[in-house]
Amino acid sequence: MKHLLEHYSEQLDQLKQQGNLRQFTANVQQDRYITIHNHKMLNLASNDYLGLASNVHLREQFFDETPNAHRWMSSASSRLLTGNFPEYEQLEASLSQAFHGRAALVFNSGYHMNIGILPALADSKTLILADKLIHASMIDGIRLSTAKYVRYRHNDLAHLVQLLHKYHDDEAFERIIVVTESIFSMDGDETDLAELVRIKKQFRKVMLYVDEAHAIGVRGEQGLGCAQQYQVMDNIDLLAGTFGKAIASVGGYLICHPIIRNYLINAMRPLIFSTAQPPICMAWTDFIFKKVLNLKAERQHLQQISQSLQQAVQARGFDCPSSSHIVPVIIGESNQTVEKAHALQKAGFYIMPVRPPTVPKHSSRLRISLTSNIGQEELHTLIKQLMAD
Ligand SMILES: *Cc1c(COP(=O)(O)O)cnc(C)c1O
């Protein structure tokens, strides 16, 4: 055994030397703050973009409204066996209603969703065209599928069109699935969804698969994502997202045609072979989702502080591709990035360094995640601190 462990231990040492070793950190959270080793900091690393996960009043209200008889903490089976509690049907009905009556299907997590959809829908007669920077979960989905895939340069829709011209009339392919995110996790930049839909309409074999993990709750009049913001909600064949970020819960969802929904129920392995989430999670997601539809002021405030921060970061000469509440400060080398993150943490701002392999080599960065419960004043203090050397 010992000689077998050596290999792994060497790998860990190497990661540590490169400044790329990952570890869990014990923490205590309260409201917008996170305390680590007795040091209390403003939390700028969470995906709780609307501040709903940290809101204790919402929890109180939810439990007051939910009698004990309905507080099922386990579904004890997959949805296809006995796990399909009324809470599932209710959440999917709410989603469907919000998304113009299209079909909705929920999953245990966004990760389950993305590793399951493509292997189910994409066979050897399918070509997948994917943005270079899509989330690891979608990459894993592509790898698990038997489809051929080609990646296009990040956010380069002209490159996508070139590839479509190249492959569209190839008889080997009956369908082409274009895979992207709306707001990207690491750069905070976004795909031009209106243009993407316009492109799709010119190629009859194309289906669009868009992951709105970072946009749901945050964008659009009712928070239904960039698809709502750019008025293309009905034109994205596979409109996906997660509940674990702004929706303050856990799970993934897909908005699609009812035929696709039925097909996935029959073919999608992470849905079929995994115990469904506890019904209480579904009830909570539904409770939060309905509230999020009305949080327009919070969304506007988040947009405002995001723009202030983007401008400040750019003014200092940092490369900042963001047009959203995810604002990276790209520093380059890992060790230097880690140092800067520690300095900010010391000053009371919990900002995490993001390093390879999560981002490309030499693009290590501070990833600042703004949430709508951060005030202008705190933002100014943060900006001052960021600019200090
Ligand atoms: C976070 C994220 C996921 C994973 O969702 P979980 O619900 O956390 O498993 C999937 N896609 C994107 C783009 C994400 O940012």
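Before reading further, recall that the structure is shown in the block above.
Everything quoted here is computed from the prediction, not taken from an experiment. (Residues numbered from 1 in each chain as written. Predicted model: local features only at pLDDT ≥ 70, side-chain atom pairs only at ≥ 80, totals over all residues. Heavy atoms only, no water.)

Trainee: Go over the overall build of the protein, please, and point to the residues and values.
Mentor: When its secondary structure is counted, the protein shows 15 helices and 14 strands. Over its C-alpha atoms the protein spans a radius of gyration of 22 Å, differing by no more than 12% from the 21 Å that the globule rule assigns to 389 residues. With the principal axes as the frame, the protein shows a C-alpha extent of 55 × 55 × 55 Å. When burial is assessed residue by residue, the protein has 54% of its 389 residues classed as buried. A total of about 18800 Å² of accessible surface is found on the protein, and carbon and sulfur atoms cover 52% of it. The average position of the 38 basic charges and that of the 38 acidic charges among the side chains of the protein differ by 2 Å. (Helix = DSSP H or I, 4+ residues; strand = E, 2+ residues; numbered from the N terminus. Rg over C-alpha atoms; globule rule 2.2 N^0.38 Å. Buried < 20%, exposed > 50% of the residue type's maximum accessible area, 1.4 Å probe, protein only. Areas by Shrake-Rupley, 256 points an atom, 1.4 Å probe, with all protein chains shown as cover. Lys, Arg positive; Asp, Glu negative; His and termini not counted. Charge placed at Lys NZ, Arg CZ, Asp CG, Glu CD.)

Trainee: Tell me what's going on with helix H5 (residues 110-121), and back it up with residues and numbers.
Mentor: Its 12 residues give H5 an end-to-end C-alpha distance of 17 Å, which sits within 8% of 16 Å, the value for a rise of 1.5 Å per residue. By the criterion of burial, H5 is predominantly enclosed, with 9 of the 12 residues buried. Looking only at H5, the buried set comprises Gly 110, Met 113, Asn 114, Ile 115, Gly 116, Ile 117, Leu 118, Ala 120 and Leu 121. Residue Ser 109 occupies the N-cap position of H5, its side-chain oxygen lying 3.2 Å from the main-chain nitrogen of Tyr 111. (Expected span 1.5 Å × (residues − 1). Polar contact = N/O pair within 3.5 Å; in protein donor to acceptor, adjacent residues only side chain to side chain.)

Trainee: If you had to explain the pattern of salt bridges to someone new, which residues and values would you point to?
Mentor: Under the counting rule described, the total for this entry stands at 15 salt bridges. Across the pair Asp 31 and Arg 32 runs a salt bridge whose closest N-O atoms are separated by 4.0 Å. The buried category is assigned to Arg 32, whose relative accessible area is 18%. Residue Lys 296 pairs with Glu 221 through a salt bridge whose shortest N-O separation is 3.2 Å. With Lys 296 in helix H13 (residues 296-315) and Glu 221 in the loop between strand E8 (206-211) and helix H9 (226-229), this residue pair connects regions lying 75 residues apart in the sequence. Among the residues examined, Glu 221 registers a relative accessible area of 52% and is labelled exposed. (Salt bridge = Lys/Arg side-chain N within 4 Å of Asp/Glu carboxyl O.)

Trainee: Please provide a residue-by-residue account of the sheet that holds strand E12 (residues 349-350), values included.
Mentor: Within the open sheet, the 4 strands sit side by side as E1-E2-E3-E12. Their pairing is mixed. Only two strands of the sheet have a single partner each, and these edge strands are strand E1 (28-30) and E12. Both E1 and strand E2 (residues 33-36) contribute to a ladder of 3 bridges, which runs antiparallel. Paired with Gln 29 across the bridge in E2 is Ile 34. (Pairing = 2+ DSSP bridges.)

On their own, these measurements won't tell you what the molecule is for.
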